[in-house]
Amino acid sequence: MSRPEGLIQEFCPDGVEFHEMGKVCRLVTGATPSKTNPAFWIDGTIPWMSSGEVNNKQIFDTESKITKLGYDKTSATIVPIHTVVIALAGQGKTRGKVAITEIELCTNQSLCSIICGPALDYKFLYYYLDGKYEELRTISNGDGTRGGLSLKILSPYKIPVPPLPVQSEIVKILDNFTELTAELTAELTARKKQYEYYRSVILRSSSTAIEKTLGEICDFVRGPFGGSLKKENFTKEGYAVYEQQHAIYGDFKFRYFVSKTKYDEMRRFSVKPGDLIMSCSGTMGRIAIIPDDAPNGIINQALLKLTPKAEVSNKYLKYYFEDTIAAQMNFEARGGAIKNVASVAVLKDIKIQMPPLTEQKRIVTILDYFYNLCNDLASGLPAEIEARQKQYEYYRDKLLNFKELTA
């Protein structure tokens, strides 16, 4: 018998009490000071967490800080160290993810801070909610990437509350898995930084490169605005609708399709394998090449299509975007909390070093090799991290599967 099983037999042989989360924790939502008021942000000292930062798992610092004035003018609340934070909303995979705060901070309105009461170990709650990611997304309001969690959903959500010695022992076991994974991930991060350094050097190593503008080397088409692509146009099959997450994550699964009639009507926004698509709202400048096995389709309003002209390698252009152009785009972007590309004309004027096609292909071959060393899930560190993650998930789900105590 394992130690957790022995403790369960000792402390709760007939089952574990389940409680509504709102009765054993305090749930707090955040707020965002106006982005148009510099006095709320410039020289800020109060850590302010955005929803995307939940992916960091442990929060030791935040990308943004707000001022005391910005804090006073919103309903934001500073939450203590060891608060469990869950993403209420977010495109793609963010919604439902959890993190632990290692500093005092406040959050935006798309995050809920869960402050544990005395009966609950914060790490036990973190591990439990981490294992309920898919379930929490399923019960979210709405559908697809537009759904959302809320206090109304989370507060009555039932969680097991075994005796603290049981919680503590389970946390120790799961900590061992996550600490090893964290060490491997840190090493992989160091390798990726090394890769980014050499990518930058290699992209600028050609003595035969000529400076050209993006407008000279590729054609641009911004996704449709003005309501020409609405949900009532979508079908269950046909031509795929490419969305922002396809450019951000490079995962080509599709939720929506349009008929051939609609596709022909919107052919200007059509894409095919080999085209590049780029996110141009919110998460700026993330770019992907549509793979050979992906379907033809059309882009939505959050994407930009780039079609390389003759003598331009699409993979060379993708590497150059990732190295340099995405940062320039964010600098040139406009908008408040959600940035947007200022105009296609601005992008067309961005300059890029273009060697001959044979040299582009040589550079791509080198960068492909280095990229695969850092990212290939079939070998090396990525494979080991993947294996450790699966091991952690197996034991997490096994250890946190409790029989509910009945009255």
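Residues numbered from 1 in each chain as written. Predicted model: local features only at pLDDT ≥ 70, side-chain atom pairs only at ≥ 80, totals over all residues. Heavy atoms only, no water.

Novice: I would appreciate a short explanation of helix 14 (residues 380-399) in the present structure.
Specialist: One turn of the α-helix equals 3.6 residues, which is why residues spaced by three or four share an orientation. Between its terminal C-alpha atoms helix 14 stretches 29 Å, which fits the 28 Å expected from 20 residues at 1.5 Å a residue. Buried within helix 14 we find Leu381, Pro382, Ile385, Tyr392, Arg396 and Leu399. Down the axis of helix 14, the sector holding all buried residues measures 120 degrees, keeping them to one side. Projecting away from the buried face of helix 14 at angles above 90 degrees are the exposed residues Gly380, Lys390 and Lys398. (Helix = DSSP H or I, 4+ residues; strand = E, 2+ residues; numbered from the N terminus. Expected span 1.5 Å × (residues − 1). Buried < 20%, exposed > 50% of the residue type's maximum accessible area, 1.4 Å probe, protein only. Arc of directions from axis to C-beta.)

Novice: Just to check I follow, could you spell out the sheet that holds strand 3 (residues 46-49) for this structure?
Specialist: Either a parallel or an antiparallel arrangement is found when strands of a sheet pair, and the pairing is made through backbone hydrogen bonds. Strand order in the open sheet formed by three strands is 5-3-8, with mixed pairing between adjacent strands. At either end of the open sheet lies a strand with only one pairing partner, and these are strand 5 (64-66) and strand 8 (106-107). With two bridges connecting them, strand 3 and strand 8 associate as parallel partners. If you follow Trp48 over to strand 8, its bridge partner there is Cys106. (Pairing = 2+ DSSP bridges.)

Novice: Help me understand the packing of aromatic side chains in this model?
Specialist: Aromatic ring pairs are reported here in terms of the distance separating the ring centres and the angle at which the planes meet. Enumeration over the complete set of coordinates arrives at 16 aromatic pairs. With a centroid separation of 5.2 Å and an interplanar angle of 75 degrees, the aromatic rings of Tyr197 and Tyr198 are classed as edge-to-face. A residue is classified by how much of its surface remains accessible, and Tyr198, at 39% relative accessible area, is partly exposed. Between Tyr239 and Tyr263 the ring centres are 3.9 Å apart and the planes differ by 5 degrees, which places this aromatic pair in the stacked class. Placement of the pair is Tyr239 in strand 13 (residues 239-242) and Tyr263 in helix 10 (residues 260-265), with a sequence separation of 24 residues. Exposure remark for Tyr239: the relative accessible area of 23% places this residue in the partly exposed category. By way of ring pairs, the aromatic residues Tyr197, Tyr198, Tyr369 and Phe370 are connected into one cluster. Directly above the ring of Trp41 sits Lys35, whose terminal nitrogen or CZ lies 4.4 Å from the centroid. Above the ring of Tyr249, the side-chain terminus of Lys93 is found at 5.3 Å from the ring centroid. (Phe/Tyr/Trp six-rings, centres within 6.5 Å; stacked < 30°, edge-to-face > 60°. Lys NZ or Arg CZ within 6 Å of the ring centre and 35° of its normal.)

Novice: Sorry if this is basic, but what is going on with the environment of Leu27 here?
Specialist: Within the secondary structure, Leu27 is located in strand 2 (residues 25-29). Taking the relative accessible area as the measure of exposure, Leu27 reaches 15% and is therefore buried. Between the alpha carbons of Leu27 and Ile115 there is a distance of 6.4 Å; along the sequence they are 88 residues apart.

Novice: I keep staring at the confidence of the model for the protein chain and nothing clicks. Help me out?
Specialist: In low-pLDDT regions, the fine details of the predicted coordinates are not to be read closely. In the predicted model, the protein chain carries a mean pLDDT of 87, and 89% of its residues have values of at least 70. Per-residue pLDDT stays below 50 along residues 331-339; that stretch engages in 19 contacts with residues further than four places along the chain or on separate chains. (pLDDT = per-residue confidence, 0-100. Contact = heavy atoms within 4.5 Å.)

Novice: What's the story with the packing of helix 4 (residues 122-131) against helix 7 (residues 164-203) in this structure? I'm lost.
Specialist: How two helices sit against one another is set out by the angle between their axes and by the gap between those axes. Remark: helix 4 packs on helix 7, axes separated minimally by 9 Å, with the N-to-C direction vectors making an angle of 65 degrees. With respect to the hand of their crossing, helix 4 and helix 7 are arranged in left-handed fashion. Within the contact between the two elements, helix 4 uses Lys123, Phe124 and Tyr127 and helix 7 uses Gln167, Ile170, Val171, Leu174, Asp175 and Thr178. Looking at the contact of helix 4 with helix 7 residue by residue, the class counts come to five nonpolar, two polar and two charged. (Axes fitted to C-alpha atoms, helices over the stretch in contact; angles between N-to-C directions. Left-handed = near helix turned anticlockwise from the far one by under 90°. Nonpolar A, V, L, I, M, F, W, Y, C, P; charged D, E, K, R; others polar.)

Novice: What's the story with unusual backbone geometry in this structure? I'm lost.
Specialist: The phi torsion of most residues other than glycine is negative, and most of the peptide bonds are trans. Even without glycine at this site, His82 takes up a positive phi of about 70 degrees. Relative to the helices and strands, His82 is located in the loop between helix 3 (68-72) and strand 6 (84-87). The backbone phi angle of Glu311 is positive, close to 65 degrees, even though this residue is not glycine. Relative to the assigned elements, Glu311 resides in the loop between strand 19 (303-308) and helix 11 (314-332).

Novice: Honestly, the environment of Pro224 in this entry has me stumped. Any pointers?
Specialist: Mapping Pro224 onto the fold places it in the loop between strand 12 (218-222) and strand 13. Distance in space between the C-alpha atoms of Pro224 and Asn300 is 6.1 Å, their sequence separation being 76 residues. If we ignore the near neighbours within four places in the chain, the residues touching Pro224 are Leu229, Met266, Phe269, Ile299, Asn300 and Gln301.

Novice: Would you take a moment to explain a nonpolar patch on the surface for this structure?
Specialist: On the surface, Tyr197, Tyr198 and Val201 cluster together into a nonpolar patch covering about 310 Å² of accessible area. Inspection of the secondary structure assignment puts Tyr197 in helix 7. Overall, Tyr197 belongs to the exposed group, its relative accessible area being 52%. (Patch = residues over 30% accessible without salt bridge, like charges linked within 9 Å, V, L, I, M, F, W, Y side chains within 5 Å. Areas by Shrake-Rupley, 256 points an atom, 1.4 Å probe, with all protein chains shown as cover. Salt bridge = Lys/Arg side-chain N within 4 Å of Asp/Glu carboxyl O.)

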